[in-house]
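Understanding the architecture of this molecule
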Amino acid sequence: MRLPILLLAVATAAAASDLDWWKTALVYQIYPRSFKDSNGDGTGDLNGITEKLPYLQETGIDAIWMSPIYRSPNYDSGYDITDYRSIQEEYGTMEDFDRLLNVSRGLGMRVVLDFVPNHTGNESEWFSKSTTRTSPYTDYYVWADGLNATDENGTLYEKPPSNWVSTFRGSAWQYHQVRGQYYLHQFVIGQPDLNYRSDVVQEEMKNVLRFWLDKGVSGFRVDAINRLYEADPRNFSGLYPDEPLSGAEGAVPDDYEYLQHIYTENLFETYDVVYDWRDVLDEYITSQGEYKIMMTEAYADLQLMIRYYGTKTRNGSIPFNFSFLGDINKDSTAWEIKTVIDKWMTYMPSGNVANWVNGNHDQSRMANRQGVDRVDAMNMLALILPGVAITYQGEEIGMTDGYVSWNDTQDPQACNTNDPVNYYKKSRDPNRTPYHWDGSANAGFSNTTGATWLPVASNYQTVNLAAQMATQKSHYHFYKDVAAQRKTPALQEGDLDTRALSESLLVVTRLLPGEAGMLGVVNLAAEAQTIDLTSLKILPSDLEVVASGVNCALEKNATLTKSSIPVSAHCALLFRSGIVGGGNAAGAHYLSLPLLVLLVVATYSITACFS
Ligand code: NOJ
């Protein structure tokens, strides 16, 4: 009887970690086309990712999220899916995927997939059957008749069902000859929008989730979630209502910015679908003993975003926090950065999990947005703040945007400008160039003798992983040192305090009674400064450097007191403090073991009394 109780306690502890893993996960976004090419065709693939998994594990990554790996003609780099249940040929096979999953599991890392629910590819069987009105696909997509109109000469013509504009420019409606109707595409023409007012579609997409969950993936990043629904024509006399003009300066009718998207974005029905998917994911808590993460992508107002977390009665997702991408930049002050951090923590409903995104495949790289000088600072902030941290591949070594000529441009958002001069303003290709593994040809990404799918950025010989591993001080070593601290009790569950000591000094503490505290210090200024943190009363005085950024003179393992901390220009430092509430750092570990033994003995005696 006593042994089972002990086993039960151990099992419960293990299960708890499988259930809680996501709350502090370090998630690494892999853009499969650009991560590692294993077969020399110039495009990254699954076997390339598998080959590099040990690197990610060694770096401290808990889970990888892969951008879409499914069959697709690549009109939007894989976000136009023709078959949700098969692997894109150029990435490999389902066996390659299974192997990736197994290797990842063996290394203690989880795999998160990209789920693209708003649209499929127009070369999918679903779409083709919908064009011929073949059941059950007839209403899988948003179809509508054109409207009669007359031009200035009085000639009759047919115009699209509404004035809606695609994110990638031009009308969001495309006429289809076979069906004799227009279909909606909020992105490229090859991405027809699914119709979420159809129960069959709702069920179909839940089954897509189940297909991958059955295989053992640990969750999903959900694409373009706030585009799921459009205004219901039944509420507008059977028509799709025009959107009002935004008045945005310089915007022309073909630009997405031209309209206020009140009928195509952030419709409230969306939240219920997310909560329904949460229920599907939760079916696996019992069968697989693991909580499945769901991170939803929406660029929207904060108050609309936080509703994705759920309600009093329904659980939802983690809405991506894009404030580091959009609300701060290389000129932001410590005051502004603190405000951005505090804002998310303030609006997030209590008891939920925060998250910090420093980059993704849609945004200019962190080093370009925040400045090379702030690479360590931004990486550290994401990794020491509470909740999930998301790192886009290459940000750990401070990769910068590459140059992609008009001729090499692949991104439909850039191609649709039809402007060989200004296309770069819309292009996402520069932040999707191949990963810099080393200083060899093609940055070690591919051994092709031909061209890689996008050109490698020109600075790969100076900014690359091998070089950063070989030097003592590098963005990579700093990132890894900070990541290693994420498992400490303070960074797992410590209380957060953020302080801007001045325009250029930002201090973040994570403190937990009875544990060593963690303190992150950032100097944004171009001059060295010495800071006095005696005003942080609860922070123990003795500090030890556990991670030192590339611009810092203070080295790892240096010890000092909180009353005088010298911080070099553009330096980010992470310190471990003594035990919060008294004692010293080492003592805590010695103390905790006898305490544990005492507890076990006490439990044993109590159990014995009742047996
Ligand atoms: C968001 C994705 O991140 C982006 O890359 C894609 O183009 C659009 N959704 C459409 O799927």
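See the structure shown above.
In this report, the structure presented in the accompanying data block is examined. This one's a predicted model, so the numbers in the text were calculated from it and none came from an experiment.

About the criteria used
Residues numbered from 1 in each chain as written. Predicted model: local features only at pLDDT ≥ 70, side-chain atom pairs only at ≥ 80, totals over all residues. Heavy atoms only, no water. 1 Å grid on protein atoms, 1.4 Å probe; cavity = no way out; pocket = protein on both sides within 12 Å on 5 of 7 lines; lining within 4 Å. Points joined across faces, edges and corners; volume = space filled by probe spheres on them. Nonpolar A, V, L, I, M, F, W, Y, C, P; charged D, E, K, R; others polar. Near = heavy atom within 4 Å. Polar contact = N/O pair within 3.5 Å; in protein donor to acceptor, adjacent residues only side chain to side chain. Helix = DSSP H or I, 4+ residues; strand = E, 2+ residues; numbered from the N terminus. Contact = heavy atoms within 4.5 Å. Pairing = 2+ DSSP bridges. Axes fitted to C-alpha atoms, helices over the stretch in contact; angles between N-to-C directions. Parallel < 35°, antiparallel > 145°, perpendicular 65-115°, else oblique. Left-handed = near helix turned anticlockwise from the far one by under 90°.

**Concerning empty space enclosed by the protein**
If a probe as big as a water molecule is rolled over the atoms, it shows which places are left empty. One pass over the full model with this rule turns up one cavity of 30 Å³ or more. Partitioning the lining of the largest cavity into residue classes produces four nonpolar, three polar and one charged.

**Section: the site of the ligand**
Of all residues adjacent to the ligand, which total 13 residues, the nearest are Asp-76, His-119, Asp-223, His-361 and Asp-362. One of the side-chain nitrogen or oxygen atoms of Arg-221 is found 3.0 Å away from an oxygen atom of the ligand. A distance of 2.9 Å separates a nitrogen atom of the ligand from a polar atom in the side chain of Asp-223. Looking at the shell around the ligand residue by residue, the class counts come to three nonpolar, three polar and seven charged.

**Description of the side chain of Ser-86**
Here Ser-86 shows up in strand β4 (residues 83–87). A distance of 3.1 Å separates the side chain of Ser-86 from the side chain of Asp-83, its partner in a polar contact. Ignoring anything within four residues of it in the chain, the contact list for Ser-86 reads Ile-69, Tyr-70, Arg-71 and Met-94.

**Here we look at the sheet that holds strand β20 (residues 542–548)**
With respect to topology, six strands assemble into an open sheet ordered β16-β17-β18-β23-β20-β21, the strand pairing being antiparallel. With partners counted over all chains shown, the strands left at the sheet margins are β16 (495–500) and β21 (559–561), one partner each. Strand-to-strand, the axes of this sheet are offset by a mean angle of 25°, without reference to chain direction. Of the strand pairs in this sheet, β16 and strand β17 (residues 505–511) are connected by six bridges, and their pairing is antiparallel. By the bridge assignment, Ala-500 is partnered in β17 with Leu-506.

**Comments concerning the packing of helix α11 (residues 375–384) against helix α14 (residues 475–485)**
Taken N-terminus to C-terminus, the directions of α11 and α14 make an angle of 15°; their axes are 10 Å apart at the nearest point. Considered as vectors, α11 and α14 are oriented roughly parallel to each other. In the crossing of α11 with α14, the sense of the turn from one axis to the other is right-handed. Here Val-375, Asp-376, Asn-379, Met-380, Leu-383 and Ile-384 of α11 lie close against α14, whose contacting residues are His-475, Phe-478, Tyr-479, Val-482 and Ala-483. For the contact of α11 with α14, a count of residues per class yields eight nonpolar, two polar and one charged.

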